[in-house]
Every structure is written in structure tokens, then in C-alpha cells.
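Remarks on the overall topology
Listed below, chain by chain, are the residues.
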Amino acid sequence: MRVGAGAFAASCVAIEVLGVAIFLRGFFPAPVRSSSRTEHRAEPPAPEPAAGASSNWTKLPLPLFNRVVIVLIDALRDDFVFGSKGVKYMPYTTYLVEKGASHSFVAEAKPPTVTMPRIKALMTGSLPGFVDVIRNLNSPALLEDSVIRQAKAAGKRVIFYGDETWVKLFPKHFVEYDGTTSFFVSDYTEVDDNVTRHLDTVLKRGDWDMLILHYLGLDHIGHISGPNSPLIGRKLSEMDSVLMKIHTSLLSKERETLSPSLLVLCGDHGMSETGSHGASSTEEVSTPLILISSAFERRPGDIRHPKRVQQTDLAATLAIGLGLPIPKDSVGSLLFPVVEGKPVREQLRFLHLNTVQLSKLLQENMPSYEKDPGFEQFKMAERLHGNWVKLYLEESRSDVLLSLGTKVLRQYLGALKTLSLSLSTQVAQYDSYSMAVGTVVVLEVLTLLLLSTPQALCRRADLEVPLRSPVFSLLFYLVVLVLSAIHVIVCTSTTSSCYLCSLPWLVAGGLMVLVSALLCAIVSTLTRTVIEGTLLRKKAAFPSSRWSEMDLLLLLGTAGHVLSLGASSFVEEEHQTWYFLVNTLCLALSQETCRICFPGGDGKPQQHARVLQDRATYKAPMLHRAGHASPPSEALGGPARWAVLVSPWLVLACCRLLRSLNQTGVQGAHRPDLGLWLTSSDHKVELSGLAALSLLMIFLLVQRGCSLVSRAALALGLLGVFCYRAAIGNVLFPWQSGNKGFSKGIIEARFVYVFVLGILFTGTRDLLKSQVIAADFKIKIVGLWEIYSGLVLLAALLLRPHNLPVLAFSLLIQTVMTKFIWKPLRHEAAEITVMHYWFGQAFFYFQGNSNNIATIDISAGFVGLDTYMEIPATFLTVFGTYAGPVLWASHLVHFLSSEASSGPALSQACFCYALICSVPVATYLILVTSLRYHLFIWSVFSPKLLYEGMHLLITAALCALFTAADQHSRTRPSERWTLGTDSS
């Protein structure tokens, strides 16, 4: 069966997406869990150990606190409380930390530092899986044991106000709640007012035992304007007032009930220097944890410095404080300062309950648990504890009892620390079967693409898929039987959960059929290739062609990038790789232009001219329309020659300027850059002027290919972009002054969306019209450009104002490369495709992106939305993040359609684009599998894996665009464009 190279590549990428999805499902598994987690049955607490005596303490200890109030401030960084900002903006909290009855800690949050996994860690004490960063957008009900579940089972009444993520995680657990949308980041006022408005009423009532407040405003301010915004100080002052109101109310209630309460101030995660979160920098993982209660004793002059603990320790501490069982999946330790004022027997009882719970969890998740140092320490501490209880029951009050009690305390604390560390290192069990199947699917597709390369890059740009050959049929059924047997063996012998084994047999069978078909297609293609000798006939296919210097540069550069993914430092600083490759490409293009514009006497320029002629005669993209030949390289003279010579250096200068706009990566992210300078409140005038100039430049570069109606829509849309940014306070009109009159910009953003949709609709209509109706070929070219223009307008709306120069320079470089590089030098479709890919990747990092989840600008997903809508928000966030690669790929489609015989050129471009995206994905799957126990697997390699998966999904959509644009020439061969006759 013969298919076009573009359609074949698009199908291959779609299958790769399936393979990567299966791999991700196996690579991001569920963390270690208690075997009794599904039943949640009440188990009797472990009795107090006693050596040769019978202790009557077999029940849980009484609660330490009558009430608990948890104030969780989203994105509260530790230095916002313990640093200079805390002293300035949170004086009441600072007083409690320094002189009040409190215990202060710096709680470390494990990556991913996003809200939903952190809530799970705080309430269950477990370490959520990294895949929870995806589930964070739509949190499912939490099935694990938690403090809230235990509180409800004990009859305690829990009230919640704040982030609706809690309501989704704990449905039917709150006797009263009011949830607020957490993803509408433009709102940082009402989202907190909706929480505070309940306080006056609920604090006066006595019908609750636990109150949870989750404030989102600080996090939203960080996403909008960063941690150094003046809004941060105002919000911290507001939170300080809230804390003072709650604390004074609790103290007044304690005078009536004579029982202490507990007030907890904490953050779910921190905030990076850019205002985002999700990764593992110190600013993102360090959060304050302050426990305030009149039960805590503090002498005058007692200076306490915040100790560093784990965020998971809060669950065990809350359970002990409320007289509840510790959640079964908790890997945290009791914060001992909370109970150190209690009698020794109670202290030992609390520590014993915690170590018993951790030891049980260790036994259920580690086969050789008896050899674990923590388990050995626990057994030793339990024996010593029994001896101590025996002495205590004998009413011994000697110094021996005191010294033994101190020794047991140290032994328990050491066991807790070691057990918690052991369980934290056992956070996940990989689903090796799913990972293997996903990797096999991706490798099979990559192998098939590589074997099909000679056919795909030939003049016809189509290939034979051997689906009906006898070799295929016989081998296919044998492989299906073998894979079915392997599937049965794995699913019946495995002791751990396996995703593929949980699928219906029909779905699993379909997957095995797909793997078998791909394998047989590879064997058949390889057999035919060897028989026909196509790998050895390149000279016959292209009589005078050979690898040029540009071909070697693009091939070696791409291969070098793929190999660099094996090192964590290169993954963290991948932007440097792409900057180097783009700069090297500019220098190579400069050398090539010099050879053309200044012929010498050594024969090299003539040799290069022959290569150009070989390209024109034998290789497909056919870059000029018949009868419309561009002047040969020898005819370049005057301004045209100098324009060609200067173009690579102009592109190089633009790239160097863009590097200074946004510092990214890990090593240089903290360094000041031009973007940070522009976004400061002191330089709003400069930012406004730069944004206006960039928008004007965008209009001038884009309008040249649009129809009159689309040109007017583009102008109004870009004006609307500036109005939107002015409405939300990012930029200023000349007549504006101060920081007054700002809004959410809903009307302005929707005004722009109208023009975006209008331009996209017009372009799509023209594209369909060119395929269905016998119309002029120019309609298709205009339609593709208008689709491209609509995407440019959408990117201008979503990008932050200081990033508008990135978009403007991107368009400028595309224009320069088109007019002065690709046309005069007559590069092949494959070369042009790789260049577009390189520039697209470079502009991904020019935007300030990285392989760090914290650099994702989620505020782009809420432009023009007055409420959270999952699908539009996700689409806008993804497009805003990948605007660079998408726009460069869209430009590639238009360029090849307008300058070449669009059939072969677009098919070849689609094939090359799919291949160049597939190679790093397949390689990276192998790398992360081999490095899955690496120290940086969760902080470095896993985020990059998610980026690669999303990039592959976007590539599948772009290949669909290539294929749709390619249908015109294949359905109407009379419109074919040729190059063989374009001689002057």
C-alpha cells in the first residue's frame, strides 16, 4: 500500500504518542502504600510495651488540643515570614515566632511543588507521585488514609474555606465548606476575601473541632508579578491581620473552656524568583511551619531558631495532637517539641505509636525490612521502653528511671529519623512492564521512520507500506501469539500492580496487535530494502548529489543534542545547547553566502555552484515556480548581494539580544536580566514603549501576506493586546498615571479573541476553498498565511509584555531568512525543516522557558476568562508555552507551500519534522529508564520527560497541519510546481 511520506509520518507520530503515554503511566507510578489502605478499617492501637509486666495503657492518648485551626497560605516562602519581609509586613507573626508560645520550623516540600500533591503530603504524610503535577489541574477524590478521614471517623467536625482542591480531594468530609477556584490567577483579592468573610461568624461558634483556611492570593500575585512585587507586602500584611484575629479569638475561647487550642501557619510550597513553582529550587521547597498554642511553654529570653523538618511530619503531629491514629501511609515523624513538655511516659507513648506505624509501613513495602537500620533501632527502643515501663509500674523514682527514659527517647527519635528516611527513598515502584511496552512501541516507530527515509526523501515523496506481504502475514500471527503468552505470564506472576494488566483483554489485545504489526512492517521493510539495495543506490537516485557542509552540520548538531540529554547538567542547561547550535548555524550560513557572493579562482565557488545546480535538478523541494526563477547566485549584485551577506550576522545579533532578555536554566536563572528590569514597577514606562514598538513591528511584518479584511482585523487585534495589558496594569497609555483603575481585562482580551477567531476562520475557509473548488493557487497561500497570522495574534495576547520582542524578532528572523537565505541559496526541504526546528527550539527558551516546571506561565491560560474552564485554560497555557515551536512550524508550512512544489516538499518536511522529534523522545525514554534510580531523577529528568511528551503531542498536531496543507497538490496534480525549468 502506497502512502505519502507526510501522511505516513503523521500516523507514526500518533502511534508514538500512544507509546509515550503508556511509558509515562508506568514511569510515574503510585507511591508506597499500606496494604490495608482500601479498607480503612479501625485497627486497635499498639499497646504500650512492658517487660514482664502488664500495662493498662492500650488506648490512644487523649487529645493534646481542643481545637485546631490550620491557616495555609499558598506559595508562602520561608523568608516571607522569617526574613526581612516578615519583620516588615508580618509584625504580629514575627512576635509570636520570637517571643510567643510557639514552635517554628522550615518545612521542606518535595517536588513537584504544586498545590495538590502538597496538600496530600500535609494531610496524609505520604510522598505523592510526580504524576500528581498533571492531576493538579483536576484533582480526583483522595482514597488514601488522612488526618481528615480519621477526624471524620472519630466524629470530629471539620470546616473548610478556600481552595476548592480540598473539596475535590475530601468530598463529604466537611460539615461546612466554601471553595474558591484556584486556577484563576488574575484574582488575588476576592479569592481571599471569600475566605476571610466567614471568620467573624465561625470563630464565635463552638460547633467545630477543626478549621482549615487556604488562602490563594499570595500565589496568584507571584504568578502575575513575581516575589518582589509591591503587592506581596500588602498581601503579607493582610495575612498577618487574619492570623492575629484568629489567635486572639482562640485565646478568648480558651479562657472559657480551659483547654488549649492549636493554630498552624504553613505554606504548601514556596515561590521561585520568577514567581512560579513546581521544581526543586530552595525558594520553592522551603516553607514556614509555625505551631502556636498556649500549651507550649516558653521562658523569657528563650531564643528558638527555626529547625528544618519535612512537610510530611505535620500529618503525624496533627494526629497525635487530636488524639487520632496516624495515617497508615504517613512517612513523617512526630515534631517532638510539640510534646516535650509532657510527662516522660506520655512522650514515650507518642513516639512508640509513631515508630510502630512506620515499621508496619516498612514491612509492607520492603522485603528485607529486618535488615533495615531503622527497624533494628525500633526493636532496640521498644525493648528499652518495655524495661522503662516495668520500672515505672514498680513505682521506681530513681535516677536510673530518668536516665533510662532519656536513652529511650534518643533511641526512638533516631529510629524515627532512620525509618522515615528509608521509606522516603522507597517512594515508588516502577511499572516495568508498561515502561517496556511503551518503549518498544516508540522504538519500533523510530526504526520504521529511519528505514523509510530513502523513499520518503526521493522525488515522489511516497513509500510502500508492506501490510499484505506473505512475510508480514506469517510473522504477524506468530508474534501476536508470543506477545499474548508473555502478557499472560506477566499478569499472572507479578506481585505489584501493573497498568496493562488492569486493562480489558480487548484493549490489551489491540495493543499487542499494534506491536506485532509494527514489528512485521519493520522486518518486511528491511527485507525489501536489502533485496532492492536501496541503501546502496543513493548515487543512482541522485547522480551528482553528496553530503554538503550544511547537511553535516545539521545532522551532527541534532545528534549532539540527542546525546547531551544523558547528562543532568545538559538537561538543566539545554537552552545553552540550542543557543550554540543556532549561533553555529548563523556562522555556517555566513560562510556559505560569502562563497556565493565572492567567487574566487580556486574552484571552490564553482564547485558550490554545481552543488546548487544538483539540488535544482535532482532533489525535491522545488523551491521556485516555473517561469518565476530567482536570479542565480552569480547574478547577485549591488544591494542584493550585501543584503545576503549581512543577513546571517543580523540573525546572530538578534539571537544574542534575545539571550539577554530572559535568564533561564538553573545556573543562571538567578542572574538579573533585561526582562526582570523591564517588569519592575520603576520601569513601566520603558516596558510600555517597548511593547508598543514590538506590536507595531509585528503588524508590519505580518500584514504583508494578509487580505485587506484580515489586515484590519490584525491591526485592531494588536491594539486590543496593548489595551488588555494596560487594563491589568502591565503597561501604561501616555495619558495614564499611577496604579489606579486596573481591572482583569476580560473585555479587552475577549475583544482580541474575536479577531483571532475571525482571522483563523478566514484562513481555514480559504484553505478549504483551494482544495474543494477549482480556484487560483494563491488562495491557498493566503489562507495558510492568515492561519499563521491568527496564531501570531494569539501569541501576542498570551505572551507577557516583556516577551513581545521575542515574538517580533522571531518574525523578523523568519522574514530575513526567507528573502535572503533560503531563496538565494536554494536549500533543500529537509535542510529548511531542520533549520525551522532549531529556531523553534531556541525561541522556546528565548521566551524564558526551561526544563523546569516552575517556568510554565500558567497565567496565560486565564487571559480573558472570568472563571476556570479546564479545556480552554489548558489549551491557552500549552500554546503560550510552545508558541515558538508552533509558529516556526506554521511558517515552514506556508514557506514550502508558496516557494516549492508543495506536494513533495511538504511531505518531506512533515517526514523530517516527525523524525527529528522522534529521535530525542525515543532516546530519552531509554535514558530515563536506565537512570531511574539517579539522584536527580525527580528534580531534573522527570520534568524533562513531561516536556518531551507534550512536545511530541504538539508535533502530532503540527504533522496533521502539514498533511492537511499537502492534500491540495495531491488532489490537483495539474497545479504542480517545478524547478527543473526555472533557469534564467
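As a convention, each chain's residues are numbered from 1 in the sequence order in which they are written. Side-chain atom pairs in this predicted model are given and counted only at pLDDT of 80 or more, local residue features only at pLDDT of at least 70, and totals for whole chains, interfaces and linings cover all residues. Excluding hydrogens and water, the side-chain values take into account all heavy atoms of the structure.

Under an unreviewed UniProt entry, the name given to the protein chain is GPI ethanolamine phosphate transferase 2, and the source organism is Sciurus carolinensis. UniProt positions are given in the numbering used here, feature names are shortened, and annotations may be inferred rather than shown by experiment. Per its UniProt entry, the protein chain bears the Sequence similarities (unreviewed entry) comment "Belongs to the PIGG/PIGN/PIGO family. PIGG subfamily." UniProt, in the comment section headed Pathway (unreviewed entry), describes the protein chain in these words: "Glycolipid biosynthesis; glycosylphosphatidylinositol-anchor biosynthesis."

Observations concerning the overall build of the protein chain
A run of DSSP states H or I qualifies as a helix once it reaches four residues; a run of E qualifies as a strand once it reaches two. Both are numbered from the N-terminal end. When helices and strands are tallied, the protein chain shows 39 helices and 10 strands. Taken over 984 residues, the protein chain has a buried fraction of 57%. Any two residues whose heavy atoms approach within 4.5 Å at even a single point are treated as in contact. Looking at the protein chain alone, contacts between residues at least 24 apart form 79% of all its contacts between residues at least 6 apart. Values of accessible area rely on a 1.4 Å probe in the Shrake-Rupley scheme; residue burial ignores everything except the protein chains shown. Of the roughly 40,200 Å² of accessible surface on the protein chain, 62% is carried by carbon and sulfur atoms. The buried label applies to any residue whose accessible area, calculated with a 1.4 Å probe on protein chains only, is under 20% of its type's maximum; exposed applies above 50%, and partly exposed to all values in between.

Structural notes on the pairing of strand E6 (residues 210-215)
With respect to burial, E6 is a largely interior element, 6 of its 6 residues being buried. Alternating positions in E6 separate into two faces, Met-210, Ile-212 and His-214 on one and Leu-211, Leu-213 and Tyr-215 on the other, with burial throughout. The pairing criterion is simple: DSSP has to find at least two bridges between the two strands. In terms of strand pairing, strand E2 (residues 67-73) meets E6 through 6 bridges, oriented parallel. Directly across from Ile-73, in E6, lies its bridge partner Tyr-215. Bridge count between strand E4 (residues 158-163) and E6: 5 bridges; the pairing is parallel. Bridge pairing in E6 links Tyr-161 to Leu-213.

Focus on the pairing of strand E3 (residues 102-108)
Within E3, 6 of the 7 residues are buried, which leaves the element mostly enclosed by the surrounding structure. Of the strand pairs in this sheet, E3 and strand E8 (residues 286-292) are connected by 7 bridges, and their pairing is antiparallel. Counterpart to Ala-107 in the pairing with E8 is Thr-287. Pairing geometry for E3 and strand E9 (residues 307-310), over 4 bridges, is parallel. Bridging from a neighbouring strand, Ala-107 pairs with Val-309 of E9.

Description of the packing of aromatic side chains
Centres within 6.5 Å make a pair out of two Phe, Tyr or Trp rings, where for Trp the six-membered ring is used; the pair is then stacked when the planes are under 30 degrees apart, edge-to-face when over 60, and tilted otherwise. Going through the model one piece at a time under the given rule, you end up with 24 aromatic pairs. Look at Trp-166 and Phe-170: their rings are 6.0 Å apart centre to centre, the planes differ by 40 degrees, and that puts the pair in the tilted class. In this pair, the class of Trp-166 matches that of Phe-170, namely buried. Look at Phe-844 and Tyr-845: their rings are 4.9 Å apart centre to centre, the planes differ by 90 degrees, and that puts the pair in the edge-to-face class. Grouping residues by exposure puts Phe-844 and Tyr-845 together as buried. Ring-pair connections join several aromatic residues into one group, and the members of that group are Tyr-579, Phe-839, Phe-843, Phe-846 and Trp-888. A ring is scored as having a charge over it whenever the NZ atom of a lysine or the CZ atom of an arginine sits within 6 Å of its centre and within 35 degrees of its normal. The ring of Trp-208 is capped by Arg-67, whose NZ or CZ atom sits 3.9 Å from the centre of that ring.

A word on the state of the cysteines
Any two cysteine sulfur atoms lying within 2.5 Å of each other are counted as a disulfide. One pass over the structure, following the stated rule, counts 1 disulfide. Here Cys-491 pairs with Cys-501 through a disulfide, and the sulfurs are 2.0 Å apart. Judged by the sign of its S-S torsion, about -90 degrees, the bond between Cys-491 and Cys-501 is left-handed. Taken together, the positions of Cys-491 in helix H20 (residues 470-493) and Cys-501 in helix H21 (residues 499-502) put the pair 10 residues apart, joining distant regions of the chain. We classify Cys-491 as partly exposed; its relative accessible area is 23%. Owing to a relative accessible area of 25%, Cys-501 belongs among the partly exposed residues under this scheme. Looking at the unpaired Cys-654, the closest cysteine sulfur is the one in Cys-655, lying at 6.9 Å. A relative accessible area of 4% means that Cys-654 is categorised as buried.

Some remarks on the environment of Leu-514
On the secondary structure map, Leu-514 appears in helix H22 (residues 505-532). Between the alpha carbons of Leu-514 and Val-441 there is a distance of 8.3 Å; along the sequence they are 73 residues apart. Contacts of Leu-514, omitting those with residues within four sequence positions, involve Ile-15 and Leu-18.

Regarding helix H31 (residues 708-727)
Counting along an α-helix, one turn takes 3.6 residues, and residues three or four places apart therefore face a common direction. For H31, which comprises 20 residues, the first-to-last C-alpha distance of 29 Å matches the rise-based estimate of 28 Å (1.5 Å per residue) to within 8%. Within H31, burial applies to Ser-710, Ala-713, Leu-714, Gly-717, Leu-718, Gly-720, Val-721, Phe-722, Tyr-724, Arg-725, Ala-726 and Ala-727. If you follow the buried residues of H31, they end up packed against helix H30 (684-702), helix H32 (746-772) and helix H33 (777-798). Every helix has an expected span of 1.5 Å times one less than the residues it contains.

As for the nonpolar core
If you look at the biggest cluster of nonpolar residues, it comprises 154 residues, and the most contacted ones within it are Phe-27, Ile-698, Leu-793, Ile-813, Met-817, Phe-839 and Leu-945. When residues in this core are grouped by element, the largest group, 16 residues, is from helix H38 (residues 902-930). If we ignore the near neighbours within four places in the chain, the residues touching Phe-839 are Val-582, Leu-585, Val-651, Cys-655, Ile-813, Met-817 and Trp-888. Definition used in this section: a nonpolar core is a set of buried Ala, Val, Leu, Ile, Met, Phe, Trp, Tyr and Cys residues joined via side-chain atoms within 4.5 Å. With 72 residues, the next largest nonpolar core counts Val-158, Val-309, Met-366 and Leu-416 among its residues.

Examining the side chain of Ser-890
Looking at the secondary structure, you find Ser-890 in helix H37 (residues 883-899). N or O atoms within 3.5 Å of each other form a polar contact, as long as, within protein, one can give a hydrogen and the other can take it, and as long as residues adjacent in sequence are counted only when both atoms are side-chain atoms. A polar side-chain atom of Ser-890 sits 2.8 Å from the main-chain carbonyl oxygen of Val-886.

Looking at the confidence of the model for the protein chain
Confidence in the prediction for the protein chain averages 84 pLDDT; 85% of positions are at 70 or higher. Per-residue confidence from the prediction method is given by pLDDT, with values spanning 0 to 100. Segment residues 609-633: pLDDT under 50, and 70 contacts once partners within four positions in sequence are set aside and those in other chains are kept. For residues 971-984, every residue scores under 50 in pLDDT, and the model assigns this stretch 29 contacts once sequence neighbours within four places are set aside.

A few points about the packing of helix H28 (residues 639-659) against helix H34 (residues 804-825)
Between H28 and H34, the shortest axis-to-axis distance is 10 Å and the interhelical angle comes to 155 degrees. Put simply, H28 runs roughly antiparallel to H34. The way H28 lies across H34 gives a crossing that is left-handed. Each of Ala-643, Val-644, Ser-647, Pro-648, Leu-650, Val-651, Cys-654, Cys-655, Leu-657 and Leu-658 in H28 lies in contact with H34, whose residues at this interface are Pro-805, Val-806, Phe-809, Leu-812, Ile-813, Val-816, Met-817, Phe-820, Ile-821, Pro-824 and Leu-825. Under the convention adopted here, Pro, Cys and the residues Ala, Val, Leu, Ile, Met, Phe, Trp and Tyr are nonpolar, Asp, Glu, Lys and Arg are charged, and Gly plus all remaining residues are polar. Here the contact of H28 with H34 is built from residues that sort into 20 nonpolar, 1 polar and no charged. Helix axes are fitted to C-alpha atoms over the stretch in contact, other axes to C-alpha atoms as well, and angles between N-to-C directions run from 0 to 180 degrees. For this classification, under 35 degrees means roughly parallel, over 145 means roughly antiparallel, 65 to 115 means roughly perpendicular, and everything else is oblique. Working rule for handedness: look at the near helix, and if it is turned counterclockwise from the far one by less than a right angle, call the crossing left-handed; if clockwise, right-handed.

Describing the pattern of salt bridges
The term salt bridge refers to a side-chain nitrogen of Lys or Arg lying within 4 Å of a carboxyl oxygen of Asp or Glu. Per the stated rule, a full pass over the model turns up 21 salt bridges. Residues Arg-345 and Glu-48 are paired through a salt bridge, measuring 2.7 Å at the closest nitrogen-oxygen approach. Linking Arg-345 in helix H15 (residues 344-365) with Glu-48 in the loop between helix H1 (5-27) and E2, this pair joins segments that are 297 residues apart in sequence. With its nearest N and O atoms 2.7 Å apart, the salt bridge here joins Lys-944 to Glu-574. Taken as a pair, Lys-944 in helix H39 (residues 937-971) and Glu-574 in helix H26 (residues 574-597) lie far apart in primary sequence, 370 residues in all. Taken as a pair, Lys-944 and Glu-574 share a single burial class, namely buried. By sharing partners, the salt bridges in this structure join Arg-77, Asp-79 and Glu-273 into a single network.

Structural notes on H30
Here H30 spans 27 Å end to end across 19 residues, near enough to the 27 Å set by a 1.5 Å rise per residue. Among the residues of H30, Lys-684, Leu-687, Ser-688, Ala-691, Ser-694, Leu-695, Ile-698, Leu-701 and Val-702 are the ones counted as buried. Taken around the axis of H30, the buried residues stretch over an arc of 160 degrees, which confines them to a single face. Among the exposed residues of H30, those pointing more than 90 degrees away from its buried face are Val-685 and Leu-693. Looking at the buried residues of H30, the elements they touch are helix H29 (674-679), H31, H33 and H34. Note that the arc is defined by the directions from the helix axis to the C-beta atoms.

A few points about the sheet that holds E3
Spatially, the 8 strands line up as an open sheet ordered E5-E4-E6-E2-E7-E8-E3-E9, and their pairing is mixed. Only two strands of the sheet have a single neighbouring strand rather than two, namely strand E5 (176-180) and E9. Recorded for the sheet is a direction-independent mean angle of 15 degrees between the axes of neighbouring strands.

Quick look at unusual backbone geometry
Phi angles above zero are rare outside glycine, and Ala-75 is one such case at about 65 degrees. Residue Arg-826 is not a glycine yet carries a positive backbone phi of 50 degrees. Mapped onto the fold, Arg-826 is located in the loop between H34 and helix H35 (829-846). Residue classification places Arg-826 among the buried positions, given a relative accessible area of 14%.

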